[in-house]
Amino acid sequence: MDTRLGLPNLGLGLGLRSQHFEHILEKNPAVDWFEVISENFMDSHGRPRYILQQIAEKYPVVMHGVSLSIGSTDPLNFDYLKSLKQLASEVKPAWISDHLCWTGVLTTNSHDLLPLPLNEDSLKHVCNRIKQVQDYLERPLIVENPSTYAAFNNSTLPEWEFLRIMTEETGCGLLLDVNNVYVSSFNNDFDPVAYINGIPHDKVVQMHLAGHQNCGNYIIDTHDREVNSQVWKLFQQAYQLSDQASILLEWDGNIPAFDIYHSELLKSKQYMNAAFVGGEKEVFSIDKEQVSNPLNLFAVNKF
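What you see is a predicted model, and the numbers here were worked out from it, not measured in a lab.

### Comments concerning helix 3 (residues 47–58)
Between its first and last C-alpha atoms helix 3 spans 17 Å; for 12 residues at 1.5 Å apiece the expected length is 16 Å, and the two agree. For helix 3, the full list of buried residues reads Arg49, Ile51, Leu52 and Ile55. Projected down its long axis, helix 3 carries its buried residues within an arc of 160°, all on one side.

Shown next as structure tokens:
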């Protein structure tokens, strides 16, 4: 079986949400694996941690973080990393992931995934920090592309090029969030297909799918509804290029009953299979009007 960075293809998974704990424990649904938000369990030694241990005995689990702050200028938080590593020793996740972002400065956590300028200086900074994290955790870090709502004037590298060099320099893997690519492309006026074509496909360990809210002249990454049809189309393009990646659906607001959540994940099968109908790969494009951004980019969308 082909693997990425020696990591397995886990199949189709769901983000583990507390609303579904009892259903999972009682029904043992036919889900291949679950992804947990690391911070929800790192410092909890009560019922959530106990339930996670039970689920981890039955299903493969992946730990997904939101507070590593790999792009921050603050020193790495080794108390955080110690708790993360301790949880991993108990849960034994297939891998640990976090985001290409910063979440705070001067020890203050913004509880948001904030973008960073993409240039040679930030690339060197991020690569050095990824290497430190990987050395401490004794495993490769899987890094996700975040949704962005603004671009920086001092960015000199397209995000897909930044990710390619980052993986080459550090040996880390990629968590390709297809919805985030689409959201960022709409908000920042770039071609999402060029992004998908430009990333290092052999480093994509996992993909995320999620819903978003289109507000007319910008999109918010809300994770509170079904996957958009354009995101499904972009996923089909991404999957044909990185077909050994594990697939996961996120749903964090207006969370539906488990069966509805699971059925949305299973829609991915038709796009995964369609990518190879007839033994040939399809060439995709996204309609221009779907990614154009009517905002005044210089007044609103540039820092």
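Next comes the rest of the description.
### Overview of the packing of aromatic side chains
A full pass over the atoms with the stated rule returns 11 aromatic pairs. By the ring-pair criterion, three or more aromatic residues cluster together here, those being Trp232, Phe235, Tyr239 and Tyr271. The side chain of Lys85 reaches across the aromatic face of Tyr136, ending 5.0 Å from its centre.

### Quick notes on a nonpolar patch on the surface
Nonpolar side chains collect at one region of the surface, where Tyr149, Tyr218 and Ile220 lie side by side and expose about 260 Å² of accessible area between them. Overall, the relative accessible area of 39% leaves Tyr149 in the partly exposed class.

### So, the environment of Val31
Take Val31: it is sitting in the loop between helix 1 (21–27) and strand 2 (33–37). Distance from Val31 to Leu14, taken between C-alpha atoms, is 7.4 Å for residues 17 residues apart in sequence. Discounting chain neighbours no more than four positions away, the residues touching Val31 are Leu12, Gly13, Leu14, Tyr59, Phe258 and His262.

### Focus on the packing of helix 5 (residues 120–137) against helix 6 (residues 159–170)
Relative to each other, helix 5 and helix 6 sit at 40°, their axes nearing to 10 Å. For the element pair helix 5 / helix 6, the angle class is oblique. Helix 5 and helix 6 meet at a crossing whose hand is right-handed. Mapping the contact onto sequence places Ser122, Leu123, Val126, Cys127, Ile130, Lys131 and Gln134 in helix 5 and Phe162, Ile165, Met166, Glu169 and Thr170 in helix 6. A breakdown of the residues in the contact of helix 5 with helix 6 according to their chemical character gives seven nonpolar, three polar and two charged.

### Observations concerning the sheet that holds strand 3 (residues 61–64)
Around the barrel, which closes on itself, the eight strands sit in the order 1-2-3-4-7-8-9-12 with parallel pairing between neighbours. Mean inter-strand twist for the sheet, computed between neighbouring axes without regard to direction, equals 30°. Sheet analysis places strand 3 next to strand 4 (residues 96–99), joined by two bridges and oriented parallel. Counterpart to His64 in the pairing with strand 4 is Ser97. Across the sheet, helix 9 (residues 229–241) is in contact with strand 8 (173–177), strand 9 (204–209) and strand 12 (246–249); its angle to strand 9 comes to roughly 170°.

### Some points on the nonpolar core
In this structure, Met166 and Leu176 are the most contacted members of the largest nonpolar core, which totals 73 residues. Beyond its immediate stretch of four places on either side in the chain, Met166 contacts Leu100, Leu123, Val126, Cys127, Ile130, Val143, Gly171, Cys172 and Leu174. Within the second largest apolar cluster, nine residues are counted, among which are Val62, Trp95, Ile142 and Leu248.

### Side note on unusual backbone geometry
Backbone geometry places Asn28, a non-glycine residue, at a positive phi of 45°. On the secondary structure map, Asn28 appears in the loop between helix 1 and strand 2. You can call Asn28 partly exposed: its relative accessible area is 43%. The residue Ser69 is not glycine, and still its phi comes out positive at about 55°. Assignment of secondary structure puts Ser69 in the loop between strand 3 and helix 4 (78–91).

### What to know about the pairing of strand 12
Of the two faces of strand 12, both are covered, the one formed by Ser246 and Leu248 as well as the one formed by Ile247 and Leu249. Here strand 1 (residues 12–15) runs beside strand 12; their pairing, made up of three bridges, is parallel. Looking across to strand 12, one finds that Leu12 is bridged to Ile247.

### Structural notes on the packing of helix 7 (residues 178–188) against helix 9
Taken N-terminus to C-terminus, the directions of helix 7 and helix 9 make an angle of 120°; their axes are 9 Å apart at the nearest point. The orientation of helix 7 relative to helix 9 falls into the category oblique. The hand of the helix 7/helix 9 crossing is right-handed. On helix 9, the residues touching Val178, Asn179, Val181 and Tyr182 of helix 7 are Gln230, Val231, Leu234, Phe235 and Ala238. Across the contact of helix 7 with helix 9, the residue classes break down as seven nonpolar, two polar and no charged.

Parameters and conventions
Each chain has its residues counted from 1, running along the sequence as written. Residues qualify for local features only when their pLDDT is at least 70, as the model is predicted, and side-chain atom pairs are given and counted only at 80 or more; totals for whole chains, interfaces and linings, by contrast, use all residues. In computing side-chain properties, one takes all heavy atoms of the structure into account and sets aside hydrogens as well as water. The helix and strand labels rest on DSSP assignments: H or I over at least four residues marks a helix, E over at least two residues marks a strand, and numbering proceeds from the N terminus. One fewer than the residue count of a helix, multiplied by 1.5 Å, yields its expected span. Per-residue accessibility, obtained with a 1.4 Å probe over protein chains only, is compared with the maximum for each type, and a residue is labelled buried under 20%, exposed over 50%, and partly exposed between these values. What the arc covers is the set of directions going from the helix axis to the C-beta atoms. Here a pair means two rings of Phe, Tyr or Trp (six-membered ring of Trp) with centres within 6.5 Å. Their orientation is stacked below 30 degrees between planes, edge-to-face above 60, and tilted elsewhere. Here, a charge over a ring is recorded when the distance from Lys NZ or Arg CZ to the ring centre is within 6 Å and its angle to the ring normal is within 35 degrees. Residues enter a patch when their relative accessible area is above 30% and they make no salt bridge; the linking distance is 9 Å between like charges and 5 Å between nonpolar side chains (Val, Leu, Ile, Met, Phe, Trp, Tyr). The method behind every accessible area is Shrake-Rupley, applied with a 1.4 Å probe, and residues are considered shielded solely by the protein chains displayed. Any Lys or Arg side-chain nitrogen found within 4 Å of a carboxyl oxygen on Asp or Glu counts as a salt bridge. Here, residues are in contact when the closest pair of their heavy atoms is within 4.5 Å. In this analysis, axes come from line fits to C-alpha atoms, helices being fitted only over the stretch in contact, and the angle between any two N-to-C directions falls in the range 0 to 180 degrees. Each angle gets one of four labels, with under 35 degrees taken as roughly parallel, over 145 as roughly antiparallel, 65 to 115 as roughly perpendicular, and the rest as oblique. Here a crossing is called left-handed whenever its near helix is offset anticlockwise from the far helix by less than a right angle, and right-handed whenever the offset is clockwise. Note that Gly is not counted as nonpolar here; it falls among the polar residues with everything else outside the nonpolar set of Ala, Val, Leu, Ile, Met, Phe, Trp, Tyr, Cys and Pro and the charged set of Asp, Glu, Lys and Arg. Strand pairing follows a simple DSSP-based rule, namely that at least 2 bridges must link the two strands. By convention a nonpolar core is built from buried Ala, Val, Leu, Ile, Met, Phe, Trp, Tyr and Cys residues, the set being connected through side-chain atoms within 4.5 Å.

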